[in-house]
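Notes for the structure review
Here are the chains, one letter per residue:
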Amino acid sequence: MIEIQNLSKSFAVSGGTVHALKDVSLTINNGDIYGIIGMSGAGKSTLVRCINMLERPSEGNVLIDGVDIGSLSEKELISVRRKVTMIFQGFNLLMQRTCLKNICFPLELAGVDKKAARERALELLEIVGLPDKANAYPAQLSGGQQQRIAIARALATDPEILLCDEATSALDPNTTHSILSLIREINERLGITVIIITHQMSVVEEICNRVAILDGGSVVEEGTVSAVFSKPQSNAAKKLVFPDGIGESIADTDEKKLRVVFNGAPATNAPIITKMAVDTGICANILSASTKSIGDKAYGNMLLGVPDTDSAKRVKEYLEQTADIHVEEVSANV
């Protein structure tokens, strides 16, 4: 378990002080895939670097399995960092080393003999799906393949926690999906706790079970992904969940308005709103929509207009029969 307690971090800059983190408290349970999301400058990367003490917080504590790692010596921190590894947006591979030797590198630093390190590296190449790239160099790989090698290197020391700092931001959507699928597989197969720092809502939607939203260095919302995304409370969360202003500035009419949130609902060939109209006899106006399919799952939001209160109730009951669909009545300006 990771416990972040009243964490603050300030930086002295020309002309004053920047407060990057302000009294952040979070609990991340073992086995979570935990998303930390916010716009640029929200403090996300500073927070993740405080978790492994690459940045020393100005105030507060980080406890891993009850141990305050801020109180450890540098030698003790080296041992902790073998169990709390990290991947980055820029991959950070050693370009003069082959993929195999990149994966062996942290094992060499840990004093593992060369034969055992090589065997472990070959196992990890199999896990990340690149057994044929042992003797290739990073420059010969695609971005997605480089990130897979970086993940293999991060797994070399058998970590308990994997920190992902914007790890998919440089990748195209299809490659991002494959990397997230690999991270989920690693989480399930090896039981590793994963913390994902991102500004991409799609990343959190696809892989995380819990999420914290940072704004101006503070946690403004935290909870399960389904709860936060279906009923965002803070302005920062609403901007992230509804980036196109879904439901905002809709003309006020006599219709009842329903926000429909898809949080991984099964995607089908038959449009669900059309099917709902056929099955219930209620015609709904689609006032605005922002939805997408990831694999066989649907994500996004839709604003519907229906004739009256009874219709709204029936539409809500009908749609919520499908797993991972949430419906709420909203006002004209939401």
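Above this note sits the structure.
My aim in this report is to walk through the structure given alongside it, one point at a time. Predicted model, so just to flag it, every value in this text is computed and none were measured. Within each chain, residues carry numbers counting from 1 in the order of the written sequence. pLDDT decides what is reported in this predicted model: residues at 70 or higher carry local features, side-chain atom pairs at 80 or more are listed and counted, and totals for whole chains, interfaces and linings draw on all residues regardless. Water and hydrogen atoms play no part in the side-chain values, which are based on all heavy atoms of the structure.

Further remarks concern the overall build of the protein chain. Helix and strand definitions here come from DSSP, where helices need a minimum of 4 consecutive H or I residues and strands a minimum of 2 consecutive E residues; each element is numbered from the N-terminal end. When helices and strands are tallied, the protein chain shows 11 helices and 14 strands. In terms of its C-alpha atoms, the protein chain occupies a principal-axis envelope of roughly 70 × 50 × 35 Å. Buried means the residue's accessible area, taken with a 1.4 Å probe over protein chains only, is under 20% of the maximum for its type, while exposed means over 50%, and partly exposed covers the values in between. Within the protein chain, the proportion of its 334 residues that are buried is 49%. Note on contacts: a residue pair is in contact if any heavy atoms of the two residues lie within 4.5 Å. Counting contacts in the protein chain only where the partners sit at least 6 residues apart, residues at least 24 apart contribute 69% of the total.

Let's shift gears to helix α5 (residues 143-155). The length a helix should cover is 1.5 Å for every residue beyond the first. A rise of 1.5 Å per residue sets the reference length of α5, with its 13 residues, at 18 Å; its end C-alpha atoms lie 19 Å apart and thus fit the reference within 8%. In terms of residue burial, α5 counts as a mostly covered element, since 11 of its 13 residues are buried. Buried within α5 we find Gly 144, Gln 146, Gln 147, Arg 148, Ile 149, Ala 150, Ile 151, Ala 152, Arg 153, Ala 154 and Leu 155.

Now for unusual backbone geometry. With phi around 50 degrees, Asn 6 is a residue other than glycine that occupies positive phi space. Here Asn 6 lies in strand β1 (residues 2-13). For Asn 6, a relative accessible area of 44% gives the class partly exposed. Phi angles above zero are rare outside glycine, and Met 53 is one such case at about 65 degrees. For Met 53, the location among the structural elements is in the loop between α1 (44-51) and β4 (59-64).

The buried count for strand β3 (residues 33-37) comes to 5 of 5 residues, which makes it a mostly enclosed element. Because side chains alternate across β3, one face comprises the buried residues Ile 33, Gly 35 and Ile 37, and the other comprises Tyr 34 and Ile 36, equally buried. Pairing of β3 with strand β8 (residues 193-198) involves 5 bridges; the strand directions are parallel. Bridging across to β8, Ile 37 finds its partner in Thr 198. Strands are treated as partners if at least two bridges between them are detected by DSSP. In this structure, β3 lies alongside strand β9 (residues 210-215), joined through 4 bridges in parallel fashion. From the neighbouring strand, Ile 36 faces β9, where its bridge partner is Ala 212.

We now examine the sheet that holds strand β10 (residues 218-224). Ordered in space as β6-β7-β8-β3-β9-β10, the 6 strands form an open sheet in which the pairing is mixed. Of all strands in the sheet, those bounded by a partner on one side alone are β6 (84-88) and β10. The average angle at which neighbouring strand axes cross in this sheet is 15 degrees, direction not considered. Axis angles are defined between N-to-C directions and span 0 to 180 degrees, where every axis is a line fitted to C-alpha atoms and, for a helix, only to the segment in contact. Across the sheet, helix α2 (residues 74-83) touches β6 and β7 (161-165), and the angle it forms with β6 is around 65 degrees.

Let us look at the environment of Ala 121. Mapped onto the elements, Ala 121 comes out in helix α4 (residues 114-127). Here Ala 121 falls in the buried class, since its relative accessible area comes to 0%. A C-alpha to C-alpha distance of 23 Å links Ala 121 and Thr 168, two positions 47 residues apart in sequence.

A separate point is the sheet that holds β4. Spatially, 4 strands are ordered β2-β1-β4-β5 in an open sheet, and the strand pairing comes out antiparallel. Unpaired on one side and paired on the other, β2 (16-28) and β5 (67-68) mark the two borders of the sheet. Across 9 bridges, the pairing between β1 and β2 is antiparallel. When the sheet's bridge partners are listed, Ser 10 is paired in β2 with His 19.

This next bit is on the side chain of Asn 187. Positionally, Asn 187 belongs in helix α6 (residues 173-190). The class of Asn 187 is buried, set by a relative accessible area of 11%. N or O atoms within 3.5 Å of each other form a polar contact, as long as, within protein, one can give a hydrogen and the other can take it, and as long as residues adjacent in sequence are counted only when both atoms are side-chain atoms. At 2.8 Å, the side chain of Asn 187 forms a polar contact with the backbone oxygen of Ile 192. Look past the residues within four positions of Asn 187 in its chain and what remains in contact with it is Gly 31, Asp 32, Ile 33, Ile 192 and Val 194.

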